[in-house]
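Each chain, letter by letter, is given below.
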Amino acid sequence: QVQLVESGGGLVQAGGSLRLSCAASGRTDSTYVMGWFRQAPEKERDFVACIGWNSGRTTYADSVKGRFTISSDNAKNTVYLQMNSLKSGDTAVYYCAGSRYTGYRTQPYEYAYWGQGTQVTVSS
């Protein structure tokens, strides 16, 4: 099993920045790709970004390209999501997830492990 704990959410004004962290523990060697998803009230859980633990390759949703950056610190088993130029539409609960598959994984069902989520609220 893999445990994921997110942190770093909060309230920020439009145009501001936040950095989310996701600390992984347990059988982290069973995950190959780490992703960030978000879910706004009464909406589906949407893909934001993912990164390969070993490859470092990244993929982003079109809505966040150029504003968000995903990165990882393998020594700390931690994944980050730097969010800049935040908009009110970015308001959501952000979830960290781990996939046992390699490659680019953008669908929730491709991820076996999930954190509890952290709230990000962007005020306009």
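The coordinates are above.
Now for a description of the structure that goes with this document. The shown structure was predicted, so the numbers you read here are calculated from the model rather than taken from an experiment. (Residues numbered from 1 in each chain as written. Predicted model: local features only at pLDDT ≥ 70, side-chain atom pairs only at ≥ 80, totals over all residues. Heavy atoms only, no water.)

Describing the overall build of the protein
Then step 1. The number of helices and strands found in the protein is zero helices and eleven strands.
Then step 2. Its helices and strands taken in sequence order, the protein reads β-β-β-β-β-β-β-β-β-β-β from the N to the C terminus.
Then step 3. Radius of gyration (C-alpha) of the protein: 13 Å, near the 14 Å computed for a compact globule of 124 residues.
Then step 4. The principal-axis extents of the C-alpha atoms in the protein amount to approximately 40 × 30 × 25 Å.
Then step 5. Once local pairs closer than 6 in sequence are excluded, the contacts in the protein between residues at least 24 apart make up 58%.
Then step 6. About 6,400 Å² of surface is accessible on the protein, with carbon and sulfur atoms providing 44% of the total.
Then step 7. Looking at charge distribution, the protein has the averaged site of its 12 positive side-chain charges lying 5 Å from that of its 9 negative ones. (Helix = DSSP H or I, 4+ residues; strand = E, 2+ residues; numbered from the N terminus. Rg over C-alpha atoms; globule rule 2.2 N^0.38 Å. Contact = heavy atoms within 4.5 Å. Areas by Shrake-Rupley, 256 points an atom, 1.4 Å probe, with all protein chains shown as cover. Lys, Arg positive; Asp, Glu negative; His and termini not counted. Charge placed at Lys NZ, Arg CZ, Asp CG, Glu CD.)

Considering the nonpolar core
Inside soluble globular proteins, nonpolar side chains tend to come together where they are buried.
Then step 1. One finds Trp-36, Leu-81, Met-83 and Tyr-94 to be the most contacted residues of the largest nonpolar core, which totals 34 residues.
Then step 2. Elements with a minimum of two residues in this core: β1 (2–7), β3 (18–26), β4 (33–39), β5 (46–52), β7 (68–73), β8 (78–83), β9 (92–99) and β11 (118–123).
Then step 3. No other element matches the five residues that β5 contributes to this core. (Core = buried A, V, L, I, M, F, W, Y, C linked by side-chain atoms within 4.5 Å. Buried < 20%, exposed > 50% of the residue type's maximum accessible area, 1.4 Å probe, protein only.)

Focus: the sheet that holds β7
Then step 1. In space, the four strands of this open sheet follow the order β1-β3-β8-β7, with antiparallel pairing throughout. Every other strand in the sheet has two partners, leaving β1 and β7 as the edge strands with one partner each. Each adjacent strand pair in this sheet contributes to an overall mean axis angle of 15 degrees, direction not counted.
Then step 2. In this sheet, β8 lies alongside β3 in antiparallel orientation, the contact comprising six bridges. If you follow Ala-23 over to β8, its bridge partner there is Thr-78. (Pairing = 2+ DSSP bridges. Axes fitted to C-alpha atoms, helices over the stretch in contact; angles between N-to-C directions.)

Overview of the packing of aromatic side chains
Then step 1. As enumerated under the stated definition, the model contains five aromatic pairs in all.
Then step 2. Between Phe-37 and Phe-47 the ring centres are 5.7 Å apart and the planes differ by 75 degrees, which places this aromatic pair in the edge-to-face class. Placement of the pair is Phe-37 in strand β4 and Phe-47 in strand β5, with a sequence separation of ten residues. In terms of burial, Phe-37 and Phe-47 fall into one category: buried.
Then step 3. Linked through ring pairs, Phe-37, Phe-47, Tyr-95, Tyr-111 and Trp-114 together constitute an aromatic cluster.
Then step 4. The residue whose ring lies beneath Arg-45 is Trp-114, and the NZ or CZ to ring-centre distance is 4.8 Å. (Phe/Tyr/Trp six-rings, centres within 6.5 Å; stacked < 30°, edge-to-face > 60°. Lys NZ or Arg CZ within 6 Å of the ring centre and 35° of its normal.)

A closer look at the environment of Gln-13
Then step 1. Here Gln-13 lies in strand β2 (residues 10–13).
Then step 2. Taking the relative accessible area as the measure of exposure, Gln-13 reaches 60% and is therefore exposed.
Then step 3. In this structure the C-alpha to C-alpha distance between Gln-13 and Asn-84, which are 71 residues apart in sequence, comes to 11 Å.
Then step 4. Residues within four places of Gln-13 in sequence aside, it is in contact with Val-122 and Ser-123.

A short note on the state of the cysteines
Then step 1. Counted under the stated rule, the structure contains one disulfide.
Then step 2. One disulfide in the model links Cys-22 with Cys-96; its S-S distance is 2.0 Å. Across the S-S bond of Cys-22 and Cys-96 the torsion is about -75 degrees, and the bridge reads as left-handed. Of this pair, Cys-22 sits in strand β3 while Cys-96 sits in strand β9, and the two are 74 residues apart along the sequence. (Disulfide = S-S within 2.5 Å.)

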